[in-house]
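Examining the three-dimensional arrangement
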2 protein chains.
Amino acid sequence: MKWKRSERLVDMTQYLLAHPHTLIPLTHFSSAYDAAKSSISEDLAIVKGTFEEQGTGRLITVPGAAGGVKYIPDAGSKEAHEIIRDFMDALSDPGRLLPGGYLFMTDLLGNPGLMDRIGRLFAARYKDSEIDAIMTVATKGIPIAHAIARHLNVPVVVVRRDSKVTEGSTVSINYVSGSSRRIQTMVLSKRSMQSGQRVLLTDDFMKVGGTMNGMKNLLAEFDCEPAGVAVLVESEDVQEERLVEDYVSLLRLREVNEKERTIELVEGNYFREGGN
Amino acid sequence: MKWKRSERLVDMTQYLLAHPHTLIPLTHFSSAYDAAKSSISEDLAIVKGTFEEQGTGRLITVPGAAGGVKYIPDAGSKEAHEIIRDFMDALSDPGRLLPGGYLFMTDLLGNPGLMDRIGRLFAARYKDSEIDAIMTVATKGIPIAHAIARHLNVPVVVVRRDSKVTEGSTVSINYVSGSSRRIQTMVLSKRSMQSGQRVLLTDDFMKVGGTMNGMKNLLAEFDCEPAGVAVLVESEDVQEERLVEDYVSLLRLREVNEKERTIELVEGNYFREGGN
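As the structure is a prediction and not an experimental result, all values here were calculated from the model.

The UniProt feature table records "domain: Bacterial purine repressor N-terminal" (unreviewed entry) at residues 4–73 of chain A. Taken end to end, residues 4–73 of chain A is 56% helix and 17% strand, and its first and last C-alpha atoms sit 26 Å apart.

Take a look at the structure:
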């Protein structure tokens, strides 16, 4: 195939989007398209300009023999507001009210398009945080964790409540759940982590933060450190002091009124906590 | 912003890749780029040609007032062999052997890049099967289910072993697990499915197929039907008749020798069962 510039641009865009946070040597493109490095550089300048104009992300060029180009996904402020607004609209439906004031959210966690957009939002937020892995607790956090991880190009580590033979040897901790004050257990396969990693914690919902705090204790067992806490929805209904101070949320659940069948949601702190 | 063709091609490629199996009216592009429909059609022809040449996927044009363009992700045979080969190499590592002849696979399920490639493979296989949803059992099948679902633009439904308050009212069934012959329970939120849906079942590992069969029974309770069964690894070590006949697997586990510390894997039936 003899490549035209227009075709190179299409294929290059596809390749870059499929390889976020990955250094790609220019020789990869020049040999794939049988083109001079100067042509590839011109192509990349067009991709870079369009990505930046549209808020898709940045292209970072690393000079030198070991250099190349790296695509860093981003989310513009307008897009972020749109995603959060769509998520809020979906979650505000009174049909989601469950006995006890709980909200049914499982279908939204099962919506891969929504999860992908939310994943990019958090990946944009933590793009410069040198994240080595994303950690969550089974089951509901898994789609969010994977969506963030794909855009940051890092592995997902899933903490379980029980130990399974297919996990090999494990480390387990006990912790006090924030709201119910019960002793709970967390189990993580020993092979899941290496010491010294910086880990982003994520989950669908956070009240007092007991689960997040449990994960932090588990990280300490592996000589790893938390690099951030990302939650879809935080609850405002926290009687006691929150166990986790430094977190990023998309939505804040103000109030659920079972009798009136109303759900009051507001934007979380995504836009507040410094920049983006 | 005044758009040049080269910039339109970059942004259009990005948009199409982010919206698989979605009909996009041409007016979306002509108004986004302030360009004539004839220019947009020429752009799309370039994207289409490049996608098809590279095996990225097809662009289907639907004519008429309600028409538009639809991107259908695909995977070329060469790429499919590469992905399966990479997966096999990773899984053949004797360091994965666990007591009892089990294989540690959790880190591979936590690799978002690998899951994305595998998801595209299955999405390509089932691209014409009119899938309405992907179903899996918590916990390990979730990353695969989401990866396939994203490329097919359908929701994920997660069956649980236990009932949780945040699931609302549920339907539960008992079934006999294939290998251990124990009675097990599956629970699914009533809100998760509508009747009449065609559902692709997926999981990481299949031996006799008891779990898959359980999911089929659950589908019947919802008046839904199975549209296929996709597994990463099938076991050859099946003493009794397999409960599921019609499935697609990437790898087949021939033998695990704990003493010699060897793992024998071969290609699954992905390439065998008709086409692709």
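Right, let's get into the interface of chain A and chain B. Chain A puts 50 residues into the contact, and the matching count from chain B is 50 residues. Summed over both sides, the interface of chain A with chain B buries roughly 4,100 Å², with 67% coming from carbon and sulfur. The largest contributions to the chain A side of the interface with chain B come from V10, P112 and R191 of chain A, which together make up 15% of the buried area. The salt bridge partner of K140 of chain B is E167 of chain A, with a shortest N-O separation of 4.0 Å.

Under the feature "domain: Phosphoribosyltransferase" (unreviewed entry), the UniProt entry names residues 107–242 of chain A. With 29% helix and 32% strand, residues 107–242 of chain A has end C-alpha atoms that lie 28 Å from one another.

This next bit is on the relation of the copies chain A and chain B. Superposing chain A onto chain B takes a rotation of 180° plus a shift of 0.0 Å along the axis, which leaves an RMSD of 0.0 Å. Look at the turn and shift together and you get a two-fold axis relating the two. Comparing contact sets, 100% of the residues at the interface of chain A also lie at the interface in chain B, consistent with an isologous, same-surface contact.

Before going further, it helps to spend a moment on the sheet that holds strand β10 (residues 225–235) of chain B. Residue and element names in this part refer to chain B. Read across the open sheet, the 6 strands follow the order β6-β5-β9-β10-β11-β12; overall the sheet is mixed. Each edge of the open sheet carries a strand with a single partner, namely β6 (156–159) and β12 (262–267). Adjacent strand axes in the sheet meet at a mean angle of 25° when their direction is disregarded. Note that strand β9 (residues 198–206) and β10 share 8 bridges and pair parallel. Looking at the pairing, D203 lines up with V231 of β10. Each of β10, β11 (248–257) and β12 touches helix α4 (residues 77–91); the most contacted strand, β12, lies at about 170° to it. On the sheet, helix α8 (residues 210–221) packs against β5 (133–137), β6, β9 and β10 and is oriented at approximately 160° with respect to β9.

Time to look at the packing of aromatic side chains. Residue and element names in this part refer to chain A. With the rule as written, the count across this model stands at 12 aromatic pairs over all chains. A centroid spacing of 6.4 Å and a plane angle of 70° characterise the contact between F122 and Y270, whose relative ring orientation is edge-to-face. Remark: Y270 occurs in the segment after β12 (262–267) and F122 occurs in helix α6 (residues 112–125); sequence separation between them is 148 residues. When sorted by exposure, F122 lands in the same class as Y270, which is buried. An aromatic cluster is built from W3, Y15, F29 and Y33, whose rings are joined through pairwise contacts. If you follow R125 out to its NZ or CZ, it ends over the ring of Y270, 5.7 Å from the centre.

Bringing the packing of helix α4 (residues 77–91) of chain A against α6 of chain A into the picture now. All names here are of chain A. Put simply, α4 and α6 touch, their axes get as near as 10 Å, and they point 135° apart. Classed by the angle they form, the pair α4 and α6 counts as oblique. The crossing of α4 and α6 is left-handed. Packed against α4, whose contacting residues are E79, A80, E82, I83, I84, D86 and F87, the element α6 presents L114, R117, I118, R120 and L121 at the interface. Classifying every residue of the contact of α4 with α6 by side-chain character gives 7 nonpolar, no polar and 5 charged.

Reading the values: the criteria
Note on numbering: residues in each chain are counted from 1, in written sequence order. Each chain gets a letter, beginning with A, and each ligand a number, beginning with 1, in the order they are written. Confidence filtering applies because this is a predicted model: local features only for residues at pLDDT of at least 70, side-chain atom pairs given and counted only at 80 or more, and all residues used for totals across whole chains, interfaces and linings. The side-chain numbers reported here are obtained from all heavy atoms of the structure, hydrogens and water having been left aside. UniProt positions are given in the numbering used here, feature names are shortened, and annotations may be inferred rather than shown by experiment. Segments assigned H or I by DSSP are reported as helices when at least four residues long, segments assigned E as strands when at least two residues long, and all are numbered from the N terminus. Contacts are assigned to residue pairs with any non-hydrogen atoms lying within 4.5 Å of each other. Summed over both partners, the accessible area (1.4 Å probe) lost when two parts come together is defined as the buried area. For salt bridges, the criterion is a side-chain nitrogen of Lys or Arg within 4 Å of an Asp or Glu carboxyl oxygen. We place the copies in one frame by least squares, fitting the C-alpha atoms of every residue whose pLDDT is at least 70 in both. For two strands to be treated as a pair, DSSP must find at least two bridges joining them. Whenever a helix is involved, its axis is fitted only over the stretch in contact; in every case the axis is a line through C-alpha atoms, and angles between N-to-C directions fall within 0 to 180 degrees. In this analysis, rings of Phe, Tyr and Trp, with Trp reduced to its six-membered ring, are considered paired at centre separations within 6.5 Å, and the interplanar angle assigns stacked below 30 degrees, edge-to-face beyond 60, and tilted for intermediate values. Only protein chains enter the calculation, and the probe is 1.4 Å; a residue is then buried if its accessible area is under 20% of its type maximum, exposed if over 50%, and partly exposed in between. Over a ring means this: the NZ of a Lys or the CZ of an Arg is within 6 Å of the ring centre and within 35 degrees of the ring normal. Angular relationships are summarised with four words: roughly parallel below 35 degrees, roughly antiparallel beyond 145, roughly perpendicular across 65 to 115, and oblique for the angles in between. It is the rotation of the near helix from the far one that decides the hand of a crossing: anticlockwise by less than a right angle makes it left-handed, clockwise makes it right-handed. In the scheme used here, Gly and all other residues not listed as nonpolar or charged are polar, with Ala, Val, Leu, Ile, Met, Phe, Trp, Tyr, Cys and Pro taken as nonpolar and Asp, Glu, Lys and Arg as charged.

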